[in-house]
Amino acid sequence: GKITSHLHHLCHLASCYYPSGFDDALVISHDGIGEVDCSLMAIASKGEMSIFHQGNQWPNSLGLLYAAITDYLGWKYNSDEGIVMGLAPYGDDTKTPNSSSKTYREFFKEIIFATGDFDYEINTSWIAFHDVRSKWVSDKFVETFGPRRKPDGVVEEYHKHVACALQNRLEEIIIEQLKKCKEKFNLKKLCFAGGIALNCSLNGKILESKLFDEIFVPPASGDNGTAIGACYLSTKKQLPDFSSKRLDNYYTGSEFTDDKIEESLRKKNVNYSKPENFEKHIAQKLNEKKIIGWFQGGAEFGPRALGNRSILTAPFPKEMKDILNSRVKFREEFRPFAPAILFEHTKDYFKINQESPHMLIAVDVKEEKINEIPAVVHIDNTARVQTVTKENNLNFRKLLESFYEITNCPVILNTSFNVKGQPIVNTPEDALKCFLGTNIDVLILGNYFITKDN
């Protein structure tokens, strides 16, 4: 057949509009770069998208600036931007670097600034990625803010302030754009994709702004999502009546039968069984503060573990976060863990009025609930919430229900089934390797319950 190509950002737009289920919506994409563009904006109605702004061309890129500062802060660009987002609330951008009279916030208003309703520019004196391969930030940036952090080096106070200023400026630029969009089009729904849409703190601020009644962010908002976006665009060409239909079930990856799982188990020196009252049995272990490796059904599409390739614990006590970090995840102590919650209890615990099935919106935890689920509350009292319904993930839902019956708490801590620097486990063999190489207490592979030999 004929091969068709589609614009990078148009694929992003399609990847968030067509599975949103919205008829009319504002549809936007922001990322590092696609062709020469770094963003694209459209309005959509009844299955048709109409672009109203194509711009912010290289090097004027929010995504590349975030990548540059991720590199400056000693983490891996195009990979660890989420770490910088997690660090940001520990900083204070009203402080001043070194002997300067300007605050971090004021400097970042110079580094990136709006030039129109939907355009912004990056002051190239602060960056180097447009000029020198792999340098990212300029000498001026380092002289102003301090030396680059070495990977695994100490996180200094100024590193926190830089992260804070970057995050706050990103939020300001995008929310100002969205206000202009609201004035111009008055649309009640927002679809958001591109790598920047993985910034769940920003998504939370968008929701908090009350500019939109509902926002939809697909779990594969990064460049992996352009694959499904291209499929949507090609389908639209062939079927002109093709329109938006809600999709929250993204468990489309590798899946394994009981026979295949048992074959993997026989090769390892582990105890395994198929207990009755399966979910209740596991919920009891969670209540005993055990760390559970949870491997179910098809793997998730996108970087978030949404209850099929997860490590789970109780959301209490507060120390559970540190126990999980020291025994299994081996990652930075300031990084938060996410809560998964029975959907109907969401408003009791979190300040949010919509579903959040893809764990991509950070929202405020209700003050009276913070002490009930302290292991999933970030330093700024937010949490990257995942709402769970039986339609989206029945097995995970049943486990949450069993945990709620035992503890009267409808929340479980959910993090990706991997250790720092490794991909999320994909096969039973991957899961067993991670289980046996860490201090995970119990592994659930499909219907099998696995413990280590004493």
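Going by the structure above, here's the rest.
A brief report on the enclosed structure follows. Only a predicted model underlies this, so the values are computations on that prediction, with no experimental measurement involved.

This part takes up the pairing of strand E6 (residues 189-193). When you tally the buried positions in E6, you get 4 out of 5 residues, the bulk of the element. Pairing geometry for E6 and strand E7 (residues 214-216), over 3 bridges, is parallel. Bridging from a neighbouring strand, Lys-189 pairs with Glu-214 of E7. What joins E6 to E7 is helix H7 (residues 200-208), and the crossover it makes is right-handed.

Moving on to empty space enclosed by the protein. One simple way to see leftover space: roll a probe sized like a water molecule over the atoms. One pass over the structure, following the stated rule, counts 3 cavities of 30 Å³ or more. In this structure, the largest cavity spans a volume of roughly 90 Å³. Along its surface, the largest cavity is lined by 13 residues, and Val-217, Ser-356, Pro-357, His-358 and Ile-361 are the ones closest to its centre. Per-class residue counts for the lining of the largest cavity are 7 nonpolar, 3 polar and 3 charged. Considered as a void within the structure, the second largest cavity measures approximately 40 Å³ in volume. For the second largest cavity, the full set of lining residues is Leu-62, Leu-65, Tyr-66, Ile-112, Leu-166, Arg-169 and Leu-170. Those elements giving two or more residues to the lining of the second largest cavity turn out to be helix H2 (62-72) and helix H6 (157-185). Here the residues of the lining of the second largest cavity sort into 6 nonpolar, no polar and 1 charged.

We now examine the nonpolar core. Counting residues in hydrophobic clusters, the biggest one holds 120 residues, and the most contacted among them are Phe-141, Phe-145, Phe-192, Ile-206 and Phe-350. Leaving out residues up to four positions away in the same chain, Phe-192 has contacts with Cys-16, Ile-28, His-30, Ile-174, Ala-197, Leu-202, Asn-203, Ile-206, Phe-216, Val-217, Pro-218 and Ser-221. If you look at the next biggest cluster of nonpolar residues, it comprises 18 residues, including Tyr-18, Phe-22, Ala-44 and Tyr-232.

Under the counting rule described, the total for this entry stands at 22 salt bridges. Across the pair Glu-214 and Arg-246 runs a salt bridge, and its minimum N-O distance is 3.5 Å. Separated by 32 residues along the polypeptide, Glu-214 in strand E7 and Arg-246 in the loop between helix H8 (225-238) and helix H9 (258-266) bring together distant segments of the chain. Accessibility expressed as a relative area gives 32% for Arg-246, which makes it partly exposed. For Glu-263, the salt bridge identified is with Lys-260, shortest N-O distance 3.9 Å. Separated by 3 residues within a single helix, Glu-263 and Lys-260 lie in helix H9, roughly one turn from each other. Judged by its relative accessible area of 35%, Lys-260 is partly exposed. One network of salt bridges, with partners in common, ties together Lys-189, Glu-214, Arg-246 and Asp-248.

Note on sheets: strands pair through backbone hydrogen bonds, and any given pair is parallel or antiparallel. Taking strand neighbours across the sheet as the criterion, the 8 strands line up as E8-E17-E16-E9-E10-E15-E11-E14 in an open arrangement whose pairing is mixed. Every other strand in the sheet has two partners, leaving strand E8 (270-273) and strand E14 (386-388) as the edge strands with one partner each. Averaged over all adjacent pairs, the angle separating strand axes in this sheet is 30°, with direction ignored. For strand E11 (residues 338-342) and strand E15 (residues 411-416), the ladder comprises 4 bridges, and the chain directions are antiparallel. Note on E15: the bridge partner recorded for Ile-341 is Val-411. Lying on the sheet, helix H11 (residues 320-329) is in contact with strand E10 (309-313) and E15; it crosses E10 at an angle near 135°.

Cut-offs and rules
Residues numbered from 1 in each chain as written. Predicted model: local features only at pLDDT ≥ 70, side-chain atom pairs only at ≥ 80, totals over all residues. Heavy atoms only, no water. Buried < 20%, exposed > 50% of the residue type's maximum accessible area, 1.4 Å probe, protein only. Helix = DSSP H or I, 4+ residues; strand = E, 2+ residues; numbered from the N terminus. Pairing = 2+ DSSP bridges. Right-handed = clockwise from strand over helix to strand, strands pointing away. 1 Å grid on protein atoms, 1.4 Å probe; cavity = no way out; pocket = protein on both sides within 12 Å on 5 of 7 lines; lining within 4 Å. Points joined across faces, edges and corners; volume = space filled by probe spheres on them. Nonpolar A, V, L, I, M, F, W, Y, C, P; charged D, E, K, R; others polar. Core = buried A, V, L, I, M, F, W, Y, C linked by side-chain atoms within 4.5 Å. Contact = heavy atoms within 4.5 Å. Salt bridge = Lys/Arg side-chain N within 4 Å of Asp/Glu carboxyl O. Axes fitted to C-alpha atoms, helices over the stretch in contact; angles between N-to-C directions.

All we've got here are geometric facts, nothing functional implied.
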